Structure formats: C-alpha cells, structure tokens
Amino acid sequence: QDHQKLRNMAIAIAGHFKIVGECNIQYAVNPANGDYRVIEMNARLSRSSALASKATGYPLALVAAKLALGW
C-alpha cells in the first residue's frame, strides 16, 4: 500500500513538472506516521543510454538538456 501511494505521487509529481521520459524521485518517509518528503528528483539515464548515444552518435544529453529548457 505504501509503495503504491509513493508510486502514484511520483507519477503526479512528474506530470506536474511536465517531465518527458524517465526521472528518479527519492523520498524520506517517517515510519511512525507515514509523513513523507521528496528529497531529490532528477532525470534518469542509464549507462546503456550513454553507450547507445556513443554508438549511434545521437546526442541524448544535449536533447535532454534542450527538453529541460523547454526547447
């Protein structure tokens, strides 16, 4: 139940910030009362994405930066 609650919040947060693609959201949760805080949120690219970028010459990091800036 807690996992699903945090998952639903992550989807809502990503939607609020108009995230395109994947992102990582880390929470701090108080086990005594279930209170939570978002402590970090960032774009997520795996090492295989970097490898694919090198192999294909497609500038994933540049495209991600432009998307983040709203271009």
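Here the residue index of a chain counts from 1 through its sequence in written order. Totals for whole chains, interfaces and linings use every residue, but because this is a predicted model, local features are given only for residues with pLDDT of at least 70 and side-chain atom pairs only at 80 or more, for both listing and counting. Side-chain measures were taken over the full set of non-hydrogen atoms in the model, leaving aside hydrogen atoms and water.

Draft legend 1. Broad picture of the overall build of the protein chain. Helix and strand assignments follow DSSP, with helices taken as H or I runs no shorter than four residues and strands as E runs no shorter than two, numbered in order from the N terminus. If you tally the helices and strands in the protein chain, you get 3 helices and 2 strands. Along the chain direction, N to C, the helices and strands of the protein chain fall in the order α-β-β-α-α. The quantity called the radius of gyration is restricted to C-alpha atoms. Its globule counterpart is 2.2 Å times the number of residues to the power 0.38. Taken over the C-alpha trace, the protein chain has a radius of gyration of 15 Å; the compact-globule value for 71 residues is 11 Å, which it surpasses by more than 25%. Judged by the C-alpha coordinates and their principal axes, the protein chain covers about 50 × 25 × 20 Å. Looking at the 71 residues of the protein chain, the share that counts as buried comes to 10%. Whether two residues are in contact is decided by their heavy atoms: any pair within 4.5 Å suffices. Long-range contacts, defined here as pairs at least 24 residues apart, represent 15% of the contacts in the protein chain between residues at least 6 apart. Total accessible area on the protein chain is roughly 6000 Å²; 58% of this is exposed by carbon and sulfur atoms. Counted charges follow a simple rule, with Lys and Arg positive, Asp and Glu negative, and His plus the chain ends left uncounted. All charge positions are set by atom: Lys at NZ, Arg at CZ, Asp at CG, Glu at CD. With 8 positive and 4 negative side-chain charges, the protein chain shows a spacing of 10 Å between the two charge centroids. Only protein chains enter the accessibility calculation, which uses a 1.4 Å probe. A residue is then buried if its area is under 20% of the maximum for its type, exposed if over 50%, and partly exposed in between. In short, Shrake-Rupley with a 1.4 Å probe defines the accessible areas, and a residue's cover is counted only from the protein chains shown.

Draft legend 2. Quick peek at the pattern of salt bridges. Salt bridges are defined as contacts in which a side-chain nitrogen from Lys or Arg sits within 4 Å of a carboxyl oxygen from Asp or Glu. If you walk through the whole model with that rule in mind, you get 1 salt bridge. A salt bridge links R37 to D35; the shortest N-O distance between them is 3.1 Å. With a relative accessible area of 37%, D35 lands in the partly exposed category.

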